[in-house]
Amino acid sequence: MTTFRPESERVLHTDYQKSVAAYWNNNPNDDRVNTVLGEVDGLYHHHYGIGEPDLSVLEGAEDTRQERLVRELHRLETAQADVLLGQLGDVRPGDRLMDGGSGRGGTSFMANQRFGCRMDGVTISEYQAGFANDQAAERGVTDRVQFHFKNMLDTGFEAGSMRGIWTNETTMYVDLFELFAEFSRLLEPGGRYVCITGCSNDVFGARSASVSWIDAHYGCNIHPRSEYFKALAANNLVPVAVTDLTPATIPYWELRTHSELATGVEKPFLTSYREGSFQYLMITADKVGR
Ligand code: SAH
């Protein structure tokens with residue numbers, strides 16, 4: 001006799017994963033900044049921004065200042081996703097890509113628009129998967145862009161089915177060796193993986209108080225930089241480019257301190273980036289072998 005197991009038990013393997021899912025299903029405080037920025041143009045991001053901000057938004061008419069600030073923060077977050085997608089190389093409409101930890105789907109929709117490819121986003125937040133699928137329906141792309149309530153450590157997708165995979169600020173929730181084993185399984189030979197993440201800097205000597213503060217704020221577990229390269233190498237994923245985005249993200253955080261949507265986490269981000277204990281890294285790697 002087979003016993004019925006609810007979907008959530010199949011997807012969420014540990015109590016920790018249940019707590020992460022609960023956070024993303026219901027995080028009103030941090031969520032406000034993400035939903036208000038998403039409302040600017042319907043692309044909802046749960047990641048940070050890069051690039052040179054237009055500081056004129058801090059000046060001029062006071063009654064429109066916060067709104068102009070929101071637009072500028074959102075522009076920098078979209079620019080971040082553009083840079084990530086630019087690393088994926090030659091993606092064709094016939095290719096399939098996976099977004100590991102897809103949030104409300106912003107980067108996935110951008111990828112579909114850019115490459116015309118098939119997109120699968122996976123998230124352990126059932127709420128987020130539903131939200132993003134509603135967005136896909138509104139955009140009329142449900143045949144090409146789908147979001148799944150799935151665990152990226154164990155997606156159930158077919159081996160070798162993905163031309164490319166990315167993670168945009170999600171790897172701090174999982175064990176990297178388990179994650180890259182699954183990604184290596186999913187990628188076709190020569191397929192590409194792109195990761196944007198915050199990581200602690202081994203050169204600093206130890207985990208700083210500010211990095212621990214960020215972990216506590218999000219309930220995540222920031223990995224050291226070295227861990228990424230060990231886990232990639234162990235899983236036939238060979239880095240082709242590594243970019244330190246730290247200098248490009250600091251101005252975004254400085255700008256965010258002026259927003260009424262600031263959550264308080266701006267302080268440990270700025271402190272840790274400036275003192276060198278934390279880095280904003282983009283890693284691009286190719287799958288070798290079968
Ligand atoms: N990449 C998105 C969202 C980043 S927020 C963006 O750039 O907007 C972190 C995301 O990781 C959330 O959607 C959360 O549900 C997801 N996540 C965390 N652990 C996960 C896991 N084990 N499997 C799938 N998604 C996971």
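The coordinates are above.
Residues numbered from 1 in each chain as written. Predicted model: local features only at pLDDT ≥ 70, side-chain atom pairs only at ≥ 80, totals over all residues. Heavy atoms only, no water.

Undergrad: Before we move on, could you go through the overall build of the protein and cite the residues and values that matter?
TA: What the protein contains, in helices and strands, is eleven helices and seven strands. The C-alpha atoms of the protein give a radius of gyration of 19 Å, which matches the 19 Å a tight globule of 290 residues would have. Along the first, second and third principal axes, the C-alpha atoms of the protein reach 65 × 50 × 40 Å. Scored against the burial criterion, the 290 residues of the protein give a buried share of 54%. (Helix = DSSP H or I, 4+ residues; strand = E, 2+ residues; numbered from the N terminus. Rg over C-alpha atoms; globule rule 2.2 N^0.38 Å. Buried < 20%, exposed > 50% of the residue type's maximum accessible area, 1.4 Å probe, protein only.)

Undergrad: Would you mind going over the packing of aromatic side chains in detail, with residue names and values included?
TA: The geometry of an aromatic ring pair is captured by the separation of the ring centres together with the interplanar angle, meaning the angle of the planes. According to the stated counting rule, one finds 17 aromatic pairs in the structure shown. The interplanar angle of 45° and the centroid separation of 6.2 Å between the aromatic rings of Y127 and F131 together place this pair among those described as tilted. Of this pair, Y127 and F131 both sit in helix α6 (residues 126-139), four residues apart, which is roughly one turn of the helix. Judged by relative accessible area, which is 36%, Y127 ranks as partly exposed. One aromatic cluster is present, built from ring pairs that chain together Y48, Y252, W253, F269, Y273, F278 and Y280. One cation-aromatic arrangement involves R104 over F131; the distance from NZ or CZ to the ring centre is 4.8 Å. When the ring centre of F157 is taken as origin, the NZ or CZ atom of K150, which lies over that ring, is 5.2 Å away. (Phe/Tyr/Trp six-rings, centres within 6.5 Å; stacked < 30°, edge-to-face > 60°. Lys NZ or Arg CZ within 6 Å of the ring centre and 35° of its normal.)

Undergrad: Go over the site of the ligand with me, naming the residues and quoting the values.
TA: Taken together, the neighbourhood of the ligand is formed by 21 residues, with H46, H47, G101, T123 and Q128 sitting nearest. G103 has a polar backbone atom sitting 3.2 Å from an oxygen atom of the ligand. In the model, an oxygen atom of the ligand is placed 2.8 Å from a nitrogen or oxygen of the T123 side chain. The protein chains hide 99% of the 580 Å² of surface that the ligand would expose on its own. (Near = heavy atom within 4 Å. Polar contact = N/O pair within 3.5 Å; in protein donor to acceptor, adjacent residues only side chain to side chain. Areas by Shrake-Rupley, 256 points an atom, 1.4 Å probe, with all protein chains shown as cover.)

Undergrad: Just give me the short version of the sheet that holds strand β7 (residues 278-287), but keep the residues and values in it.
TA: Read from one edge to the other, the open sheet built from seven strands follows the order β3-β2-β1-β4-β5-β7-β6, with strand pairing classed as mixed. Single-partner strands in this sheet number two, and they are β3 (145-149) and β6 (237-244). Each adjacent strand pair in this sheet contributes to an overall mean axis angle of 15°, direction not counted. By the bridge criterion, seven bridges tie β6 to β7 in an arrangement that is antiparallel. Each bridged residue has a counterpart across the sheet, and for V238 the counterpart in β7 is D286. On top of the sheet, helix α4 (residues 65-86) reaches β4 (162-168), β5 (187-200) and β7; it is set at about 150° to β4, its chief contact. (Pairing = 2+ DSSP bridges. Axes fitted to C-alpha atoms, helices over the stretch in contact; angles between N-to-C directions. Contact = heavy atoms within 4.5 Å.)

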